[in-house]
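# Fold and geometry: a report
Here is how the chains run, residue by residue.
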Amino acid sequence: GGAPAASGATWEHRPAIVSLLQRSSHAYYHFFGEALPKLYLLAQDLEHSNAVLLTDTSFGNTWTVEFLHLLGVPRDRLLNRVPGKVYLADTIYSSRPTPLHRPYPALLCRVRAALLGAALPRPHGGAYSDGEVREMGSDARRIVVVQRTGANNQHSLQ
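So, how was this worked out
- Residues numbered from 1 in each chain as written.
- Predicted model: local features only at pLDDT ≥ 70, side-chain atom pairs only at ≥ 80, totals over all residues.
- Heavy atoms only, no water.
- Helix = DSSP H or I, 4+ residues; strand = E, 2+ residues; numbered from the N terminus.
- Phe/Tyr/Trp six-rings, centres within 6.5 Å; stacked < 30°, edge-to-face > 60°.
- Buried < 20%, exposed > 50% of the residue type's maximum accessible area, 1.4 Å probe, protein only.
- Expected span 1.5 Å × (residues − 1).
- 1 Å grid on protein atoms, 1.4 Å probe; cavity = no way out; pocket = protein on both sides within 12 Å on 5 of 7 lines; lining within 4 Å.
- Points joined across faces, edges and corners; volume = space filled by probe spheres on them.
- Nonpolar A, V, L, I, M, F, W, Y, C, P; charged D, E, K, R; others polar.
- Axes fitted to C-alpha atoms, helices over the stretch in contact; angles between N-to-C directions.
- Parallel < 35°, antiparallel > 145°, perpendicular 65-115°, else oblique.
- Contact = heavy atoms within 4.5 Å.
- Pairing = 2+ DSSP bridges.
- Salt bridge = Lys/Arg side-chain N within 4 Å of Asp/Glu carboxyl O.

As for its placement among the helices and strands, A106 is situated in helix 4 (residues 105–119). Separated by 69 residues in sequence, A106 and P37 have C-alpha atoms that sit 8.9 Å apart.

Rendered as structure tokens:
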């Protein structure tokens, strides 16, 4: 990879790429609410291949790598998009884009349970059920959710 393309851009070839990208997937809400849930639709493709996961960490985005690492995706399986670079693969796995501002509730629940399970492992292992996730508010533990506002959330001008 890295050879100049006809347009002057560079390119990178990989045998297989799983893409979570869609418009604004570098922004916190769009990554967490729209791109990350698609990981469940593409998990089998990522798990049973040598594919790398194409992500976007532009505009100071650190949460993409942090969330994926928490969910068990090793850093060496991540391919961070570089603006202007063309990515080619023998096989590209992608799912239907999540509708803008309308994430799928069932997939969000799976993300929530997986993140809670990774951040607060159960004493005897296994995933949390939806009922256990809802009841965590009565526990002594506190779950903190950080919401980014327009003042601290950068969007691409593309």
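What follows picks up the thread again.
Before going further, it helps to spend a moment on the packing of aromatic side chains. One pass over the full model with this rule turns up five aromatic pairs. For the pair Y28 and F32, a centre-to-centre distance of 6.1 Å together with 5° between the ring planes defines the contact as stacked. One end of the pair is Y28 and the other is F32, both in helix 1 (residues 28–35) and four residues apart, which spans about a single turn. Classification of Y28 by relative accessible area gives buried; the value is 17%. According to the relative accessible area criterion, F32 is partly exposed, its value standing at 26%. Taken together, a centroid distance of 5.1 Å and an interplanar angle of 50° make the contact between F32 and F67 tilted. Here F32, found in helix 1, pairs with F67, found in helix 3 (residues 63–70); they are 35 residues apart in sequence, far enough to count as distant.

Moving on, we come to helix 4. With 15 residues, helix 4 ought to run about 21 Å at 1.5 Å a step, and its terminal C-alpha atoms sit 21 Å apart, in line with that. Taken together, the buried positions of helix 4 are L107, V111, A113, L115 and L116.

In this approach, a probe sized like a water molecule rolls over the atoms, and the result shows the empty space that is left. This structure, assessed with the given rule, holds one cavity of 30 Å³ or more. Put simply, the largest cavity is a space of about 40 Å³. If you trace the largest cavity, you find it lined by L20, L21, S25, F31, A35, L54, T55, D56 and T64. Considering only residue class, the lining of the largest cavity consists of five nonpolar, three polar and one charged.

Glancing now at the packing of helix 1 against helix 3. Direction vectors running N to C along helix 1 and helix 3 enclose 30°, while the axes themselves pass 10 Å from each other. Taken together, the axes of helix 1 and helix 3 lie roughly parallel to each other. Judged by residue contacts, Y28, F31 and F32 of helix 1 engage W63, T64, F67 and L68 from helix 3.

Reading across from one edge, 3-2-1-4 is the order of the four strands in this open sheet, with parallel pairing throughout. In this open sheet, the two strands that pair with only one neighbour each are strand 3 (78–80) and strand 4 (86–93). Neighbour to neighbour, the strand axes of the sheet diverge by 50° on average, direction disregarded. Here three bridges tie strand 1 (residues 11–19) to strand 2 (residues 52–55), and the two strands are oriented parallel to one another. Bridge pairing in strand 2 links I17 to V52. Against the sheet, helix 2 (residues 38–47) touches strand 1, strand 2 and strand 4, its axis set at about 115° to strand 1.

Turning next to the pattern of salt bridges. Inspection of the entire model under this criterion finds three salt bridges. Across the pair R14 and E12 runs a salt bridge, and its minimum N-O distance is 2.9 Å. Here E12 ties to K85 by a salt bridge, and the two come within 3.1 Å at their closest N and O atoms. In this pair, E12 sits in strand 1 while K85 sits in the loop between strand 3 and strand 4, placing the two residues 73 residues apart along the sequence. Take K85: its relative accessible area is 26%, and that puts it in the partly exposed class. Each of E12, R14 and K85 takes part in one network of salt bridges that share partners.

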